[in-house]
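Survey of secondary and tertiary structure
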Amino acid sequence: MKTVTDATFAEEVLKADLPVLVEFTADWCPPCRQIAPVLAEVAREEEGRLKVVVIDVDTNPETQSAYGVLSMPTLMVFRAGEPVKSMVGARPKRRLMQELADVM
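First, a word on what this report is: a plain description of the structure on this page. (Residues numbered from 1 in each chain as written. Predicted model: local features only at pLDDT ≥ 70, side-chain atom pairs only at ≥ 80, totals over all residues. Heavy atoms only, no water.)

**Considerations on the state of the cysteines**
Every disulfide links exactly two cysteines, by a covalent bond between their sulfur atoms. Applying the stated rule across the entire model yields one disulfide. Covalently, C29 is tied to C32 through a disulfide, its sulfur atoms 2.2 Å apart. Where C29 bonds to C32 through sulfur, the torsion about that S-S bond is close to 85 degrees, and the disulfide is right-handed. By relative accessible area, C29 is classed as buried at 1%. Classification of C32 by relative accessible area gives buried; the value is 3%. (Disulfide = S-S within 2.5 Å. Buried < 20%, exposed > 50% of the residue type's maximum accessible area, 1.4 Å probe, protein only.)

**Considering the pairing of strand β5 (residues 82-88)**
For strand β4 (residues 74-79) and β5, the ladder comprises six bridges, and the chain directions are antiparallel. Its bridge partner being in β5, M76 is matched across the sheet by S86. Linking β4 to β5, which pair antiparallel, is a turn of two residues; within it A80 sits at a positive phi near 55 degrees. (Pairing = 2+ DSSP bridges. Helix = DSSP H or I, 4+ residues; strand = E, 2+ residues; numbered from the N terminus.)

**Quick look at the pattern of salt bridges**
Using the criterion set out here, one finds nine salt bridges in the structure. Taking the shortest distance from any N to any O, the salt bridge between E12 and K51 comes out at 2.8 Å. In this pair, E12 is assigned in helix α1 (residues 9-14) and K51 in strand β3 (residues 51-56), connecting sequence segments 39 residues apart. According to the relative accessible area criterion, E12 is buried, its value standing at 17%. Among the residues examined, K51 registers a relative accessible area of 24% and is labelled partly exposed. Residue D102 is joined to K85 by a salt bridge in which the shortest nitrogen-to-oxygen separation is 3.4 Å. (Salt bridge = Lys/Arg side-chain N within 4 Å of Asp/Glu carboxyl O.)

**Topic: helix α2 (residues 30-45)**
With 16 residues, α2 should cover 22 Å at 1.5 Å per step; its first-to-last C-alpha distance of 24 Å lies within 8% of that length. The axis of α2 is deflected most strongly, by about 35 degrees, at A36, and proline P37 appears within four residues downstream. All buried positions along α2 are accounted for by C32, I35, V38, L39, V42 and A43. For α2, the elements touching its buried residues are β2 (20-25), β3, β4 and α4 (93-100). (Expected span 1.5 Å × (residues − 1). Bend = angle between axes of the 7 residues up to and from the residue. Contact = heavy atoms within 4.5 Å.)

**Some words on the sheet that holds strand β1 (residues 2-3)**
Here we have five strands laid out as an open sheet, ordered β1-β3-β2-β4-β5, and mixed in their pairing. The outermost strands of the open sheet, each flanked by one partner alone, are β1 and β5. Packed on one face of the sheet, α2 meets β2, β3 and β4 and runs near 165 degrees to β2. Across the sheet, α4 touches β2, β4 and β5, and the angle it forms with β5 is around 150 degrees. (Axes fitted to C-alpha atoms, helices over the stretch in contact; angles between N-to-C directions.)

Laid out in structure tokens, this is it:
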């Protein structure tokens, strides 16, 4: 999984050829740590079909504010530069894959 910042968000996410799953996260967030291994597994298994990145909201407030992210973790899927799905909270891999099925 790649870490993006306010400075690299447009290039890495908005201009990506694949759908991009963005985790808005923070160091102080226990559910964020809980879902991290799930996202790493999804990134490995879906390589070539889905790009998975993380952005720390504490050090990248512009992107957080631009997309109205208030809770961590927020998972947002972008396709062709637009957010197409948003999910809040940690979830098991099986449920996450079900929720992603319609956007991949």
